[in-house]
Amino acid sequence: MKGYKTVLIVDDSATIRTLISRELGQAEYRVLTASNGQEALDMIEGMDKPPDLITLDIDMPHMNGFEVCEQLRAKQETMGAGTQPGIPIIFVSGNDTLENRRRGFALEVSDFIAKPFKPKEILDVVDRILFPQYQFHGMTVLVVDDFLSARRVVQMLLLRLGVNVLTASDGIEALELIDSTPHHIDLIITDYEMPRMRGDEFCRIVRQKRHLAQVPLFMVSSHHQNEMILACFKAGATDYLIKPFLGEELLARVDIHLRARKHIRQVEGLNNRLGMLSAVITQSADPIVIFSLDAIMWYVNPAAIDHSGYSERELVGEKVQLLANNRGNQTFCAKIWEVLLGGSIWSDRLFCTRKDGQTIEYAVTISPVRDAEGVITDFIAIGRDMTQINLLQRQLLQAQKLESIGQLAAGIAHEINTPMQYVQNNITFLERAFAQFILLMTDYQRLLKTPEVSLTEEVKEKLEEIHLDFLMEEIPVSIAETHDGILRVRKIIAAMKDFSHPGADKKMPTNLNRSLENTITVCRHEWKYVADIRTDFEADLPVIPCWQDQLNQALLNLIVNSAQAIAETGATFPENPGAITISTRLVDNWVEIRVRDTGGGIPQEIEDKIYDPFFTTKEVGKGTGQGLAIVYDVVVRKHGGTVDFISEPEQGTTFIIRLPVENRNSEVLS
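Residues numbered from 1 in each chain as written. Predicted model: local features only at pLDDT ≥ 70, side-chain atom pairs only at ≥ 80, totals over all residues. Heavy atoms only, no water.

S.K.: What's the story with the overall build of the protein chain in this structure? I'm lost.
M.R.: Secondary structure summary: the protein chain contains 20 helices and 22 strands in total. Within the protein chain, the proportion of its 670 residues that are buried is 42%. Surface exposure of the protein chain reaches about 37200 Å², of which carbon and sulfur atoms provide 54%. (Helix = DSSP H or I, 4+ residues; strand = E, 2+ residues; numbered from the N terminus. Buried < 20%, exposed > 50% of the residue type's maximum accessible area, 1.4 Å probe, protein only. Areas by Shrake-Rupley, 256 points an atom, 1.4 Å probe, with all protein chains shown as cover.)

S.K.: Honestly, the sheet that holds strand 12 (residues 297-300) in this entry has me stumped. Any pointers?
M.R.: Strand pairs in the sheet, formed through backbone hydrogen bonds, run parallel or antiparallel to each other. A sheet is described by the order of its strands in space; here five strands give the open sequence 12-11-15-14-13, paired in antiparallel fashion. In this open sheet, the two strands that pair with only one neighbour each are strand 12 and strand 13 (346-353). Taken over all neighbouring pairs, the strand axes of this sheet differ in orientation by 30° on average, direction set aside. Direction of pairing for strand 11 (residues 288-292) relative to strand 12: antiparallel, over a ladder of three bridges. Looking at the pairing, Phe 291 lines up with Met 297 of strand 12. (Pairing = 2+ DSSP bridges. Axes fitted to C-alpha atoms, helices over the stretch in contact; angles between N-to-C directions.)

S.K.: I would appreciate a short explanation of the sheet that holds strand 6 (residues 140-144) in the present structure.
M.R.: Strands sit in the order 7-6-8-9-10 across an open sheet of five strands; the sheet is parallel. Where the open sheet ends on each side, the last strands, each with one partner, are strand 7 (164-168) and strand 10 (239-242). Adjacent strand axes in the sheet meet at a mean angle of 20°, parallel and antiparallel pairs treated alike. Where strand 9 (residues 217-221) lies against strand 10, four bridges are found, and the strand directions are parallel. Opposite Val 220, over in strand 10, you have Leu 241 as the bridge partner. Its contacts with the sheet place helix 6 (residues 148-159) against strand 6, strand 7 and strand 8 (185-191), and it is angled at close to 170° to strand 7. (Contact = heavy atoms within 4.5 Å.)

S.K.: What exactly am I supposed to notice about the packing of aromatic side chains here?
M.R.: Ring pairs (aromatic) are described by centroid distance and by the angle formed between their planes. The full count for this structure, using the stated rule, is seven aromatic pairs. Plain terms: the ring middles of Trp 337 and Phe 379 are 5.7 Å apart, the flat faces sit at 80° to each other, and that makes the pair edge-to-face. Taken as a pair, Trp 337 in helix 13 (residues 330-341) and Phe 379 in strand 15 (residues 376-385) lie far apart in primary sequence, 42 residues in all. Ring centres of Phe 645 and Phe 655 lie 5.8 Å apart, and the angle between their planes is 45°; on these two criteria the pair is classed as tilted. Taken together, the residues Phe 645 in strand 21 (residues 642-648) and Phe 655 in strand 22 (residues 652-660) connect sequence positions ten residues apart. Put simply, the rings of Phe 66, Phe 91 and Phe 112 touch in pairs and so form one group of aromatic residues. Positioned above the aromatic ring of Phe 131 is the side chain of Lys 5, whose terminal nitrogen or guanidinium carbon lies 5.8 Å from the ring centre. Taking the ring centre of Phe 66 as reference, the NZ or CZ of Arg 103 above it sits at 4.0 Å. (Phe/Tyr/Trp six-rings, centres within 6.5 Å; stacked < 30°, edge-to-face > 60°. Lys NZ or Arg CZ within 6 Å of the ring centre and 35° of its normal.)

S.K.: Would you mind showing me how to read the side chain of Ser 562 here?
M.R.: By secondary structure assignment, the location of Ser 562 is in helix 19 (residues 548-567). Looking at Ser 562, the relative accessible area reads 0%, which means it is buried.

S.K.: Teacher, can you tell me more about the pairing of strand 7 here?
M.R.: Each regular strand carries side chains that alternate between the two faces of the sheet. In this sheet, strand 7 lies alongside strand 6 in parallel orientation, the contact comprising five bridges. Within strand 7, the residue paired with Val 143 across the bridge is Thr 167. Read from strand 6 through helix 6 to strand 7, the crossover connection turns out right-handed. (Right-handed = clockwise from strand over helix to strand, strands pointing away.)

S.K.: Whenever I open this one, the nonpolar core confuses me. Can you help?
M.R.: Most often, soluble globular proteins have nonpolar side chains that are buried together. Membership of the largest hydrophobic core comes to 42 residues, with the highest contact counts inside it found for Leu 512, Trp 527, Ile 580, Ile 582, Val 631, Phe 655 and Ile 657. Element by element, the count of residues in this core is highest for helix 19, at nine residues. Counting residues in each nonpolar core, the second largest holds 25 residues, with Cys 203, Met 219, Ile 229 and Ala 237 among its members. (Core = buried A, V, L, I, M, F, W, Y, C linked by side-chain atoms within 4.5 Å.)

S.K.: Could you clarify how one ought to interpret the packing of helix 2 (residues 37-45) against helix 3 (residues 65-78) in this entry?
M.R.: Any two packed helices are characterised by the angle at which their axes cross and by the distance between the axes. Across the interface, helix 2 lies against helix 3 with an axial gap of 10 Å and an inter-helix angle of 20°. As far as their axial angle goes, helix 3 and helix 2 are roughly parallel. Between helix 2 and helix 3 lies a crossing of right-handed hand. Residues Gly 37, Leu 41, Ile 44 and Glu 45 of helix 2 form the contact with helix 3, whose participating residues are Val 68, Gln 71, Leu 72 and Lys 75. Tallied by class, residues from the contact of helix 2 with helix 3 come to four nonpolar, two polar and two charged. (Parallel < 35°, antiparallel > 145°, perpendicular 65-115°, else oblique. Left-handed = near helix turned anticlockwise from the far one by under 90°. Nonpolar A, V, L, I, M, F, W, Y, C, P; charged D, E, K, R; others polar.)

Listed below in structure tokens is the structure:
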């Protein structure tokens, strides 16, 4: 890459030219040499493209280095490139004085190397100028000066730092540039004496702009009176540089201020990230607790306060074991601390206790927090309430189980239906044939009573033996009962096939009356021993969009719940049966289903908990606490409906389900 860069070495000493040429040539620069200033100017004049950099001696015969610089800059002005920095020039001279450095800087000299120079000293400076490291890449500096040459000199120096440089000829132009530029300005360097607006006036206006109030601002002036310098600082300047100044001095000050500005921007970025992380923690729906090495909580987010039921004051400063239901298990707690103090992340499920005594299962992850040296200082615990997840998992398991049962039931129903069709056809045939047989036997009995017809004693004995009258009376009854049984079996089979129909991927038009009839048939074994079921269905009830399999499950849960409530009262069938009444009605744009039972009612103290997942009043092993939770989930969340109930102690409970006739949005997307 360096081979594309050309360096012109101008020195009257052949030895110096050779040393510099060898050093730069070994670094793959393209090197040209000239023994004096005029030769260098002639070479540049004849080149299609000027050199990328010039090393120039000051003291040379016929034309010194300053004169060469002056002619090069003058030619740059005549070629219309006066607004841009010219060819970078490095003075390489044994005449290293402060005056020469200032004079060279005024002629836009990039750097000054004193003879004798050290090995690779010139190469390092050339590399730095032609291939700057851009340590301040992306930062912007505004240079304000009414002298073009001064702006150009400062711009040339700043470009070596990789900054973006904006220039303006006075304060008014600078303010217009500030308002229009998309760049974020990181440093301002302004002259004091300028037409239309002095530097201190410009400084005061800049400080009134909120986004520039803390930006470093250099004041550059030839004035060195203390009173004026103090006035500039009062106007808002952060530094003051007296003209003429050395390029090294300007770069050193710029470096300090840009480094500070860069650090400030980094801190601001970190603060923004911290603010964002703080917002994430604060707004998280999951409880987050930070506690020290001695298990003292010093931060709890709003979700932790809400989940625990404690106030922030009650939690902060207390041991984290306050929230853990496992605190009595010393072995379990010791294992957790062993993992954490070893620097690892602990993750498992914990039962936590609310202030009201309710126990909730959480999936908890506890991670060590380390300082800059990697030492553990704190721990952060994040919990996820598993109540809903457990419910969904159980619902999924139940759904999978029901799906399997449904597939099995559908297969069994199909297999049973075929032989039942044979049985029904044969019974129908026997019924018709026996009707003919009865006609024949009726005629036969009439002949027996005719005097002209006589039977042998043996025949008479056979007729008495088979109880012909009894058979003719009872066989038709048996055939009728068989027909009735077959019809009931086929009805059950049809209901099983309907009930176990696999769910669709979208809501389908559903006949609720038919769904209820099928559900009543399928769960008959749940209610037939304790209650009668009475139905009152509106005949012209409209079909409504539903997930039929889910709604069937909800209706099944309600009917089973009613049967169990009646059973708890001691009701039995047929001696002392209870009653379940199921009705449907169209009310405005809603289909209303009422399921009323004659059970013991819902105690007032648990009315607000009956839809909670896993809440049950039944003995262990007899209730999952999911029946009514599933009803609520299916009706309210999946179908956008409502569930309500009316309950009277010792009188019973009526559950009221309302489903929208039109397909409305619900909480859970399909």
